[in-house]
Amino acid sequence: MDRQETSRSEAGRQVTICRFFPCLFTAAALLAAPPEYSVRVLHVYPHDRTAYTQGLEYHDGLLYEGTGLHGRSTLRVVELETGKVIRQIHLAAQYFGEGITVLDSRVVELTWQAHVGFVYGESVFQLLRQFTYDGEGWGLTNDGKQIYMSDGTSQIRVWDPATLAEVRRISVHDGQRQIDLLNELEYIRGEIYANVYQTNRIVRISPADGRVLGWVDAEGLLDNADYTEPVDVLNGIAYDAAHNRLFITGKLWPKLFEIQLVPRAQGH
């Protein structure tokens, strides 16, 4: 029997089995697929539409934001309710700012392709040290004990927060499929949420083994009036753990959204 006949035979066998046990394959497929979520907007806050958002984190009642582009990159603290920039510093023009995270009274910031990161004092953004890493810098978050870093691939690097040395890597996958272009990160209740670059989707990841735990579709948040000036992709996730509030925004977006995840029915 040649390969083509074998394939037809296997297909016929599967059809025969499904006639008698249709629910088995359906149940297995449902169990294998990570859950899907849409978003419900709870509140809308102003956001600086000149901010090319690369990193976002909620800490002690304020938003910490890292912005990108050469000559326009900043690290700033923002008042959530008004969008007012309370304090900020500008990166040197050769640096394209990327992800940030706040841990142990320090702010850690990446740059895109310079292989250089910065550590600042949390209160006044005094530069404490520089450090280097291989590859590109994209996103950062932490769980209070470890720092997680994305580099635009399907890999998340885990760093020791004291030395910023890599201790292991997480390979992010949905079944057999590797999930590339992981961008801005946020640690939320035992999971890592990641923007997937050039999409309006957020992936929920197990930090233990890299399994995809769910997909969030954030399509359609901006309305027509928001496009009177250029906007770029969804990027920026922040979580207020004390009040269980989840915030998202995008590069050059005029709005920041507090959202609630809404489970979608299987098959829809």
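Rules and cut-offs
- Residues numbered from 1 in each chain as written.
- Predicted model: local features only at pLDDT ≥ 70, side-chain atom pairs only at ≥ 80, totals over all residues.
- Heavy atoms only, no water.
- Core = buried A, V, L, I, M, F, W, Y, C linked by side-chain atoms within 4.5 Å.
- Buried < 20%, exposed > 50% of the residue type's maximum accessible area, 1.4 Å probe, protein only.
- Helix = DSSP H or I, 4+ residues; strand = E, 2+ residues; numbered from the N terminus.
- Contact = heavy atoms within 4.5 Å.
- Pairing = 2+ DSSP bridges.
- Axes fitted to C-alpha atoms, helices over the stretch in contact; angles between N-to-C directions.
- Phe/Tyr/Trp six-rings, centres within 6.5 Å; stacked < 30°, edge-to-face > 60°.

### Notes on the nonpolar core
Working step 1: Judged by nonpolar contacts, the single largest core of 17 residues is most densely connected at I202, L221, I237, I248 and F257.
Working step 2: If you list the elements that add at least two residues to this core, you get β1 (36-46), β20 (234-240), β21 (245-250) and β22 (255-263).
Working step 3: Those residues in contact with I248, other than ones at most four positions away along the chain, are I202, A218, L221, L234, G236, I237, L256, F257 and I259.
Working step 4: Formed by 15 residues, the second largest nonpolar core is a distinct cluster that contains I156, V158, I170 and V172.

### Topic: the sheet that holds β20
Working step 1: In space, the eight strands of this open sheet follow the order β16-β17-β18-β19-β1-β22-β21-β20, with mixed pairing throughout. Whereas interior strands pair on both sides, the edge strands pair on one side only; in this sheet they are β16 (182-188) and β20. Going across the sheet, the axis of each strand differs from the next one's by a mean of 35°, ignoring polarity.
Working step 2: With nine bridges joining them, β1 and β22 adopt antiparallel strand pairing. Along β22, the bridge assignment pairs V41 with I259.

### Things to note about the packing of aromatic side chains
For any two aromatic rings, the description comes down to two numbers: the centre-to-centre distance and the angle of the planes.
Working step 1: Taken as a whole and judged by the stated rule, the model has 14 aromatic pairs.
Working step 2: Between Y52 and F96 the ring centres are 6.2 Å apart and the planes differ by 85°, which places this aromatic pair in the edge-to-face class. Note that Y52 is positioned in the loop between β1 and β2 (53-59) and F96 in the loop between β5 (85-90) and β6 (97-103), a separation of 44 residues in sequence. Both residues of the pair, Y52 and F96, count as buried.
Working step 3: Residues Y95 and F118 carry aromatic rings whose centres are separated by 5.1 Å and whose planes lie at 80° to one another, so their mutual orientation is edge-to-face. With Y95 in the loop between β5 and β6 and F118 in strand β8 (residues 116-121), this residue pair connects regions lying 23 residues apart in the sequence.
Working step 4: Classification of Y95 by relative accessible area gives buried; the value is 15%.

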